[in-house]
Amino acid sequence: MLAAIATGPIALCVAVASTPTTVQAATPNKPTAVRTAAATADPGGYAQLFLGAWLRSSADDETSAQAQLAHSMAPDVSLPEPASDALPAPQSVTAVRTAQRGGNAWSVTVAAQYADGSVRYYAVPVVADGPGASFAVTGAPGEVAGPVRATVPKSPYGETVPQGDLSSAMGEFLAAYLTGAGEVDRYLSPGVQLTAVSPAPYKAVAVQQVSAVEVAAAAEEVSADGTPVHVLVSVEARDAAGRWPLAYEVTLKARSGRWEVAALQTGTARDGGAR
């Protein structure tokens, strides 16, 4: 190879396809293909932006910034004509559900929340190109009923953990994590990295309840080293603005006769990963 480099240039052939992407090296006998996943269209944000501009615009003032934005996103959609006693513009608009209707056509349900606490839902028709690089609103929004609230499944945390070493450790750990009182590292299993919230948002944290999946945690029985348990810790955090009920799912592992934090969960008891 050194001789080849010295005597002349090496040619590389790179073939790139639009979707998915394929990169092929110029090895004569064994070409290597690296495939990347195709991008997925996500029209939710586009529909949200359009509906916010549409609800805040008026056909009586088509030169306003909101009217021009709505027209730029959907030139064929008429603007509303709110009456003088109509609700003020919504405080916020949020895409809550996206459904693909077929091909590149989508229907996005967007919620508009008003100052009086009311919420109205609109279905916005959107079309996207294949990879989702561009979108267009294809018609006027339609007001619809809001999504039905899903049935909440039974919590896996069915074992109540009494006041004791485990609940005290959880209180100290979350105080370090949320108030900066102490070092988070002292509560972590070896190899686990977890950074405290910074700047610390709260002045004090008090544990209200600890529930567990496993009976061993409820009995505060420290098992063999490496044994995991999963707990849900409900706390009351305080700052200058008031008191805030918070909850954290924590995976603990036994080591040397005590429980250490192995993960601060971002989802259910079986989801992994400290953050």
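The structure under discussion appears in the preceding block.
Since this is a predicted model, take the numbers as computed values, not measurements.

Let us now look at a negative patch on the surface. Together, Asp60, Asp61, Glu62 and Glu81 give the surface a local cluster of negative charge. Summarising the element assignment, glutamate 62 is placed in the loop between α2 (44–55) and α3 (65–73).

Regular strands place their side chains on alternate faces of the sheet. Here strand β9 (residues 204–212) pairs with strand β10 (residues 228–239) via 8 bridges, running antiparallel. What sits directly across from alanine 204, in β10, is arginine 238. Relative to strand β11 (residues 242–255), β10 runs antiparallel, the two being bridged by 12 bridges. Bridge assignment links valine 229 to a residue of β11, and that residue is leucine 252. Joining the antiparallel neighbours β10 and β11 is a turn of 2 residues.

Bridging between strand β4 (residues 105–113) and strand β5 (residues 119–128) involves 9 bridges; their strand directions are antiparallel. Looking at β5, one finds that alanine 112 is bridged to arginine 120. Linkage of β4 to β5, two consecutive antiparallel strands, is achieved through a turn of 5 residues, within which glycine 117 is found at a positive phi near 95°. Here β5 pairs with strand β7 (residues 142–144) via 3 bridges, running antiparallel.

Turning to its location among the elements, valine 119 is positioned in strand β5. Between the alpha carbons of valine 119 and serine 92 there is a distance of 9.7 Å; along the sequence they are 27 residues apart. Excluding its chain neighbours within four sequence positions, the residues that come into contact with valine 119 are Ala111, Ala112 and Gln113.

On to α3, then. Every buried residue of α3 is listed here: Ala67, Ala70 and Met73. Looking down the long axis of α3, one finds its buried residues gathered within 135° of arc, a one-sided arrangement. Facing away from the buried surface of α3 by more than 90 degrees, the exposed residues are Ala65 and Ser72. Lining the buried residues of α3 we find α2 and β6 (135–137).

With that out of the way, let us pick up α2. Its 12 residues place the ends of α2 17 Å apart at the C-alpha level, agreeing with the 16 Å of an ideal helix rising 1.5 Å per residue. All of the buried residues in α2 are Gly44, Ala47, Phe50, Leu51, Gly52, Ala53, Trp54 and Leu55.

Glancing now at the pattern of salt bridges. On inspection of all chains with the given rule, the structure shows 5 salt bridges. Residues arginine 238 and glutamate 236 are paired through a salt bridge, measuring 3.1 Å at the closest nitrogen-oxygen approach. Where glutamate 260 meets arginine 258, a salt bridge forms, and the shortest distance between an N and an O atom there is 2.8 Å. Classification of arginine 258 by relative accessible area gives partly exposed; the value is 38%. Salt bridges here are not isolated pairs; linked through shared partners, they connect Glu236, Arg238 and Arg243.

Inspection of the secondary structure assignment puts histidine 230 in strand β10. Using a relative accessible area of 10% as the deciding quantity, one classes histidine 230 as buried. Separated by 2.8 Å, the side chains of histidine 230 and glutamate 214 make a polar contact.

Before going further, it helps to spend a moment on the packing of α2 against α3. Two numbers describe how α2 lies on α3: the axes approach to 8 Å, and their chain directions differ by 140°. The angle between α2 and α3 places the two elements in the oblique class. Both α2 and α3 take part in a crossing whose hand is left-handed. For the pair α2 and α3, contact is made by Tyr46, Leu49, Phe50, Gly52, Ala53 and Trp54 and by Gln66, Leu69, Ala70 and Met73, respectively. Each residue belonging to the contact of α2 with α3 can be placed in one class, and the counts come to 8 nonpolar, 2 polar and no charged.

About the criteria used
- Residues numbered from 1 in each chain as written.
- Predicted model: local features only at pLDDT ≥ 70, side-chain atom pairs only at ≥ 80, totals over all residues.
- Heavy atoms only, no water.
- Patch = residues over 30% accessible without salt bridge, like charges linked within 9 Å, V, L, I, M, F, W, Y side chains within 5 Å.
- Areas by Shrake-Rupley, 256 points an atom, 1.4 Å probe, with all protein chains shown as cover.
- Salt bridge = Lys/Arg side-chain N within 4 Å of Asp/Glu carboxyl O.
- Lys, Arg positive; Asp, Glu negative; His and termini not counted.
- Charge placed at Lys NZ, Arg CZ, Asp CG, Glu CD.
- Helix = DSSP H or I, 4+ residues; strand = E, 2+ residues; numbered from the N terminus.
- Pairing = 2+ DSSP bridges.
- Contact = heavy atoms within 4.5 Å.
- Buried < 20%, exposed > 50% of the residue type's maximum accessible area, 1.4 Å probe, protein only.
- Arc of directions from axis to C-beta.
- Expected span 1.5 Å × (residues − 1).
- Polar contact = N/O pair within 3.5 Å; in protein donor to acceptor, adjacent residues only side chain to side chain.
- Axes fitted to C-alpha atoms, helices over the stretch in contact; angles between N-to-C directions.
- Parallel < 35°, antiparallel > 145°, perpendicular 65-115°, else oblique.
- Left-handed = near helix turned anticlockwise from the far one by under 90°.
- Nonpolar A, V, L, I, M, F, W, Y, C, P; charged D, E, K, R; others polar.

In short, geometric facts, not functional conclusions.
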